[in-house]
Amino acid sequence: MTVPIILRTLITYQYSTNGLTTTNINYYWFGGDDPVDWAIASEGGGVFLADEHQGPWATSNSGISGDGLIVRNMVGYSEDEEEYAAIGTAGGVYVSSDNMSAWKLKNGTLNR
């Protein structure tokens, strides 16, 4: 099953359904280094990645489960010349150091 998300291009709006399993999007990120240029944080579907803004989208939830798939926010940061992505979820904070391919739970006991 595919569900639509409407993305704004410079001129028109278009549907993007390639690979998304939810339309409940909490965060839309673009830019960065190859191979990840576009990312979506969703409410219940976790993280989706694509090379182009219209997809195709692929889930990137390795290491995330349960309430971790309810992603509230996403951020990127650098530390000692290493690049990281972090997501704040209903199940805690997850961090990726490999271009959002895999995630590691850093704090599963945050007060909600």
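For the structure, see preceding data.
Residues numbered from 1 in each chain as written. Predicted model: local features only at pLDDT ≥ 70, side-chain atom pairs only at ≥ 80, totals over all residues. Heavy atoms only, no water.

A count of helices and strands for the protein gives zero helices and ten strands. Counting from the amino terminus, helix and strand elements in the protein follow one another as β-β-β-β-β-β-β-β-β-β. Every one of the 112 residues in the protein was classed for burial, and the buried ones make up 36%. Considering only intrachain contacts with a sequence separation of at least 6, the fraction spanning at least 24 residues in the protein is 31%. Accessible area for the protein stands at about 6700 Å²; split by element, carbon and sulfur atoms hold 49% of it. (Helix = DSSP H or I, 4+ residues; strand = E, 2+ residues; numbered from the N terminus. Buried < 20%, exposed > 50% of the residue type's maximum accessible area, 1.4 Å probe, protein only. Contact = heavy atoms within 4.5 Å. Areas by Shrake-Rupley, 256 points an atom, 1.4 Å probe, with all protein chains shown as cover.)

A word on the packing of aromatic side chains. The tally for this structure, following the rule as stated, stands at three aromatic pairs. On the numbers, 5.2 Å between centres and 20° between planes, the contact of Tyr77 with Tyr84 is stacked. With relative accessibility at 24%, the residue Tyr84 sits in the partly exposed group. Taken together through their ring pairs, the aromatic side chains of Tyr28, Trp38 and Trp57 make up a single cluster. (Phe/Tyr/Trp six-rings, centres within 6.5 Å; stacked < 30°, edge-to-face > 60°.)

A general trend in soluble globular proteins is that nonpolar side chains are found buried together. Core analysis: the biggest nonpolar cluster contains twelve residues, these being Ala39, Ala41, Val47, Leu49, Ile64, Val71, Met74, Ala85, Ile87, Tyr94, Met100 and Trp103. Listed by contribution, the elements that provide at least two residues to this core are β4 (38-42), β5 (47-50), β7 (71-79) and β8 (82-89). Membership of the second largest hydrophobic core comes to six residues, among which are Leu20, Ile40, Ala50 and Trp57. (Core = buried A, V, L, I, M, F, W, Y, C linked by side-chain atoms within 4.5 Å.)

All right, on to the sheet that holds β7 then. One open sheet holds the four strands; their spatial order is β7-β8-β9-β10, and the pairing between them is antiparallel. Single-partner strands in this sheet number two, and they are β7 and β10 (104-107). With strand direction ignored, the average angle separating the axes of adjacent strands in the sheet is 30°. Where strand β9 (residues 92-96) lies against β10, three bridges are found, and the strand directions are antiparallel. When the sheet's bridge partners are listed, Tyr94 is paired in β10 with Leu105. (Pairing = 2+ DSSP bridges. Axes fitted to C-alpha atoms, helices over the stretch in contact; angles between N-to-C directions.)

For the rest of this paragraph, the subject is the environment of Trp57. By secondary structure assignment, the location of Trp57 is in the loop between β5 and β6 (58-59). When the C-alpha positions of Trp57 and Leu20 are compared, they lie 6.0 Å apart, and in sequence the two are 37 residues distant.

To continue, consider the pairing of β5. Taken residue by residue, a regular strand's side chains alternate between the two faces of the sheet. Going residue by residue along β5, you find Val47 and Leu49 tucked away on one face and Phe48 and Ala50 tucked away on the opposite face as well. Linking two consecutive strands that pair antiparallel, namely β4 and β5, is a turn of four residues; a positive phi of about 105° is found at Gly44 within it. Bridge count between β5 and β6: two bridges; the pairing is antiparallel. Its bridge partner lying in β6, Phe48 is registered against Thr59.

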